[in-house]
Amino acid sequence: MNLTVRQLQAFVLVSRLGSFTKAAHAMHVTQSALSLLVRELETGLGTRLVDRTTRSVSVTAVGREFLASAERILDDIGHAIANVDQWVAHQRGRVVVAAPLVLSGTLLPPLVADFRAGHPGIELVLKDSLPDEVLPQVRSGAADLGIGTFRRTEAELQHTQLFEESLVAIFPLDHPFARARRLPWRRLEQERVLTLPRGSVFRELAERGCNAAGMALDPAGEATYVGTLIGLVSAGQGVGIVPGYATALADRRVIAWKPLQDPVVRREVSIVHRATVAVSPAAQAFMDFVLGHAGIRRLRRASARD
């Protein structure tokens with residue numbers, strides 16, 4: 001049987017209104033077209049659903065039994081369409097966002113809170129991860145979106161820049177750097193420099209800054225986590241090189257920082273998703289929200305002024 005929604009609608013309307021003329025008017029079709037829809041339904045079911053006379057229309061016993069099922073089917077279809085409409089309208093759905101620990105603990109919490117307040121029907125999951133765990137989650141589909149600093153070497157990923165910021169040196173408050181007006185990379189040459197490990201994109205950026213300043217980067221120590229590196233600096237173990245946003249984790253009573261200059265080395269914070277897979281309406285809603293968020297706009301303007 002090839003029953004159609006239009007056939008079910010025609011039968012239900014005829015049953016409810018008791019008139020082919022009124023049902024045809026409600027469906028915006030001619031009476032003959034509506035009659036054909038009901039006949040096709042009866043043929044498909046192999047039984048008469050409606051008794052017709054020149055003066056009246058009555059539903060048969062089989063038709064009354066079938067009417068409840070037909071109404072339920074149409075209700076289910078209506079709910080399904082409404083759900084799709086809500087998804088497309090960014091009112092429902094689920095989006096998983098993977099981001100490194102620093103951004104997950106500083107930049108993203110207020111964005112998540114504001115998004116959830118404005119989109120209560122969308123479930124937003126934030127997966128705080130190690131930096132090198134973000135892209136594998138996006139590639140595998142475990143995360144819809146990734147936020148962080150990434151190399152632009154993978155064609156299967158679509159990058160959208162959120163903002164840029166420069167690398168900074170962090171040091172104890174009583175360090176001579178605290179009194180310097182500017183802090184060129186060359187000033188690090190005589191310091192115990194602490195960095196993130198080799199293979200990290202931030203280590204590559206630090207090496208780029210040192211090389212451009214005509215010096216080699218020879219760290220006195222490394223830390224896998226930015227928080228650990230900041231803790232070592234707090235304990236007087238050296239001067240750290242970190243992305244600017246990481247200073248949100250530092251205790252201002254103990255730690256100070258300055259942008260590294262000559263040259264200024266920037267890191268790009270981007271939001272990424274798989275380029276070969278359509279972004280879900282919920283994920284698109286979060287992307288649009290982040291790009292338009294006042295906090296991100298301020299960061300973008302600040303990086304443009306630097």
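Please refer to the structure higher up on the page.
All values reported here derive from a predicted model rather than from experimental measurement.

J.: Help me out: how do you make sense of the overall build of the protein chain in this one?
T.: Each helix and strand counted, the protein chain has 11 helices and 11 strands in total. Relative to the 2.2 N^0.38 estimate, which gives 19 Å for 306 residues, the radius of gyration of the protein chain is 32 Å and therefore markedly larger than a compact globule would have. A total of 306 residues make up the protein chain; the buried ones form 43% of that total. Within the protein chain, residue pairs in contact and separated by at least 24 positions form 73% of the contacts whose partners lie at least 6 positions apart. Of the charged side chains in the protein chain, 36 are positive and 30 negative, and the gap between their average positions amounts to 5 Å.

J.: So what exactly am I meant to see when it comes to the nonpolar core here?
T.: One recurring pattern in soluble globular proteins is that nonpolar side chains are buried together. Ranked by size, the top nonpolar core spans 35 residues in total, and within it Ile170, Trp185, Leu188, Leu229 and Ile241 carry the most contacts. Of all hydrophobic cores here, the second largest spans 25 residues; its members include Leu111, Phe115, Ile122 and Phe289.

J.: For this particular structure, what's the right way to read unusual backbone geometry?
T.: What you tend to see is this: most non-glycine residues have negative phi, and most peptide bonds are trans. Across the junction of Asp262 and Pro263, the peptide omega takes the value 5°, indicating a cis bond. With a phi angle near 60°, His28 is a residue other than glycine that sits in the positive phi range. Relative to the helices and strands, His28 is located in the loop between helix H2 (20-27) and helix H3 (31-45). The exposure class assigned to His28 is exposed, which follows from its relative accessible area of 74%. Unusually for a residue other than glycine, Asp262 sits at a positive phi of about 55°. Note that Asp262 resides in the loop between strand E10 (255-259) and strand E11 (266-274).

J.: It is not clear to me how the packing of H2 against H3 should be interpreted in this structure. Could you clarify?
T.: A pair of packed helices is characterised by two quantities: the angle between their axes and the separation of those axes. Relative orientation of the contacting elements H2 and H3 amounts to 100°, with a least axis distance of 9 Å. Considered as vectors, H2 and H3 are oriented roughly perpendicular to each other. Contacts between H2 and H3 involve Phe20, Thr21, Ala23, Ala24 and Met27 from the former and Gln31, Leu34, Ser35, Leu37 and Val38 from the latter. Classifying every residue of the contact of H2 with H3 by side-chain character gives 7 nonpolar, 3 polar and no charged.

J.: Help me understand the packing of aromatic side chains in this model?
T.: Ring pairs (aromatic) are described by centroid distance and by the angle formed between their planes. Summed over the entire model, instances satisfying the criterion amount to 5 aromatic pairs. Aromatic pair Phe163 and Tyr245: ring centres 6.2 Å apart, planes at 45°, arrangement tilted. Here Tyr245 lies in the loop between strand E9 (239-243) and E10 and Phe163 lies in strand E6 (residues 157-172), a separation of 82 residues in the sequence. Accessibility expressed as a relative area gives 1% for Phe163, which makes it buried. Look at Phe171 and Phe177: their rings are 5.6 Å apart centre to centre, the planes differ by 85°, and that puts the pair in the edge-to-face class.

J.: Is there a simple way to explain the environment of Lys22 in this structure?
T.: Within the secondary structure, Lys22 sits in helix H2. Sequence-wise, Lys22 and Arg181 are 159 residues apart; in three dimensions their C-alpha atoms are separated by 84 Å.

J.: Would you mind going over the pattern of salt bridges with me for this structure?
T.: One side chain can pair with another of opposite charge once the charged atoms of both are near each other. With the rule as written, the count across this model stands at 15 salt bridges. A salt bridge links Arg198 to Glu207; the shortest N-O distance between them is 3.3 Å. Residues Arg203 and Glu222 are paired through a salt bridge, measuring 2.7 Å at the closest nitrogen-oxygen approach. Here Glu222 lies in strand E8 (residues 221-222) and Arg203 lies in helix H8 (residues 201-212), a separation of 19 residues in the sequence. With a relative accessible area of 3%, Arg203 lands in the buried category. Overall, Glu222 belongs to the partly exposed group, its relative accessible area being 44%. Each of Arg198, Arg203, Glu207 and Glu222 takes part in salt bridges that share partners, so that together they form one network.

The rules behind the values
Every chain is numbered independently, its residues counted from 1 as its sequence is written. Restriction of local features to residues with pLDDT of at least 70 applies here, the model being predicted, together with a cutoff of 80 or more for giving and counting side-chain atom pairs; totals for whole chains, interfaces and linings are based on all residues. With hydrogens and water stripped out, all remaining heavy atoms of the structure feed into the side-chain values. Helix numbering and strand numbering both begin at the N terminus, where a helix is a DSSP run of H or I of at least 4 residues and a strand a DSSP run of E of at least 2. Restricting the calculation to C-alpha atoms gives the radius of gyration, and the globule rule supplies 2.2 Å times the number of residues raised to the power 0.38. Only protein chains enter the area calculation, which uses a 1.4 Å probe; residues under 20% of their type maximum are buried, those over 50% are exposed, and those in between are partly exposed. Every residue pair with non-hydrogen atoms within 4.5 Å of one another is taken to be in contact. Counting rule applied: Lys, Arg positive; Asp, Glu negative; His and chain ends not counted. A charged residue contributes its charge at one atom only: NZ of Lys, CZ of Arg, CG of Asp or CD of Glu. Put simply, a nonpolar core is a bunch of buried Ala, Val, Leu, Ile, Met, Phe, Trp, Tyr and Cys residues held in one set by side-chain atoms that sit within 4.5 Å of each other. Axis geometry follows a simple rule: fit a line to the C-alpha atoms, using only the stretch in contact for helices, then measure angles between N-to-C directions, giving values from 0 to 180 degrees. These descriptions rest on fixed angle ranges, namely under 35 degrees for roughly parallel, over 145 for roughly antiparallel, 65 to 115 for roughly perpendicular, and the rest for oblique. In this count, Pro and Cys sit with the nonpolar residues alongside Ala, Val, Leu, Ile, Met, Phe, Trp and Tyr, while Asp, Glu, Lys and Arg are called charged and the others, Gly among them, polar. By convention, a stacked pair of Phe, Tyr or Trp rings (six-membered ring in the case of Trp) has centres within 6.5 Å and planes under 30 degrees apart, an edge-to-face pair has planes over 60 apart, and any other such pair is tilted. Salt bridge criterion: a side-chain nitrogen from Lys or Arg within 4 Å of a carboxyl oxygen from Asp or Glu.

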